[in-house]
Amino acid sequence: MSQADNKSTSRIKAKLWGVRGSLPAPLTPEALQNQMKKVLSDYQSWCALDSSLGNSRNIDLFLNSLPRHRSLGYGGNTPCFEVFSDQQRIIVDGGSGIRLLGYELMKGPCGKGQGRVDLLFTHFHWDHLMGLPFFAPLFIPGNQIHLYSVQPELQVVFQTLFRKPFFPVELGNLGAQLFYHQLEPRRPVEFGDLRVTPYELDHPDPCWGYKFEKGGRALAYCVDTECKRVSRDDLGLDLPLYQGVDTMIFDAQYTIMESLEKVNWGHATASLGLEIAMREGIRRVVFVHHDPASSSEKIAAAENQAREYYTQQLKRAETERGAPLSSVEWLFGYEGMTLEV
Ligand SMILES: [Zn+2]
Ligand SMILES: [Zn+2]
């Protein structure tokens, strides 16, 4: 199994390389200009508070003082998630975010044709594949790319992706050597010091989330899911995906109202993730797969809606004295975010 270069840790670490769902969502020049106007206006107000603040050394201080939706936003690349430990690196999904991860890997053994990549797939919707033709390690002779899915169509998917007229380089001419592995539902596989178990999610086409475990800690990746099954009974065999988990990455493409309108579209809302997390004692939840039509302001509004729901649920649990609910640390994820579990 491959080495996670220069990343020595005994904990599970992870990085979000793409958090946008369905389609990449770059800012239009007009949207960028509007964003710049708001930032400059905020800067003027900030400097007016104290004239000594208005110098270039303080620009970082100012930018860091802004909420995410007023400054950097959440990112526009589609799903790609990196999980790593002392001994191992695993990538989940090949959305457009994998392009930048590929450049990062090229600085190590992958750039010399001596690299190994372990790449898991949740499912094969375009937003989880579209970055693969631009994943540089695939084109370097000597690299070994190991591909995994529960679904049996993995090889057919690659044969379709790397074929004219969709892409000029045919699968047989990629350079790297490809190895296909089929995972069994709910059966753990050891990748170095990481144990990985696939569990089924609720999506229009079969989709499998992954639980990563190491040294008594666990990270659950639950994207894409509509999470139609919420109760322990309904979750059945897939309940362990949400149990004994420290950090859960969860699909929150929609606001609560949108999730009621878009039944069977395959995506969830933050309140569903919070409901499960509070019941199962999940310590932290990171919401991703933001809708491509959602502006930063709209994502921030969904965050406020989730905060309201969360506070109400905790209060209700206190007054009704029902089953106890755990408090949860949660936030909406952004591209480049790193986690330690
Ligand atoms: Zn998706
Ligand atoms: Zn999907």
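Residues numbered from 1 in each chain as written. Chains lettered and ligands numbered in written order. Predicted model: local features only at pLDDT ≥ 70, side-chain atom pairs only at ≥ 80, totals over all residues. Heavy atoms only, no water.

Caption draft 1: Expanded view of the sheet that holds strand S11 (residues 247–251). The strand order across the open sheet formed by 7 strands is S7-S8-S9-S10-S11-S12-S13, and the pairing between neighbours is mixed. The strands lining the two open edges of the sheet, one partner per strand, are strand S7 (189–191) and strand S13 (329–332). Going across the sheet, the axis of each strand differs from the next one's by a mean of 20°, ignoring polarity. Where strand S12 (residues 284–288) lies against S13, 4 bridges are found, and the strand directions are parallel. Along S13, the bridge assignment pairs Arg284 with Glu329. (Pairing = 2+ DSSP bridges. Helix = DSSP H or I, 4+ residues; strand = E, 2+ residues; numbered from the N terminus. Axes fitted to C-alpha atoms, helices over the stretch in contact; angles between N-to-C directions.)

Caption draft 2: Layout of the pairing of strand S6 (residues 177–182). Sheet topology places strand S5 (residues 144–149) next to S6; 6 bridges connect them, and they run parallel. The residue of S6 that forms the bridge with Ile145 is Leu178. Following the chain from S5 across helix H4 (residues 154–161) to the adjacent parallel S6, one finds a crossover that is right-handed. (Right-handed = clockwise from strand over helix to strand, strands pointing away.)

Caption draft 3: Layout of helix H7 (residues 270–280). Of all 11 residues in H7, 9 are buried; the element is thus mostly enclosed. Looking only at H7, the buried set comprises Ala270, Ser271, Leu272, Gly273, Leu274, Ile276, Ala277, Met278 and Glu280. Next to the buried residues of H7 lie helix H5 (232–235), S11, helix H6 (256–261), S12, helix H8 (296–320) and S13. Gly281, located one to two residues past H7, shows a positive phi value of around 75°. (Buried < 20%, exposed > 50% of the residue type's maximum accessible area, 1.4 Å probe, protein only. Contact = heavy atoms within 4.5 Å.)

Coordinates in, geometry out; function isn't part of it.
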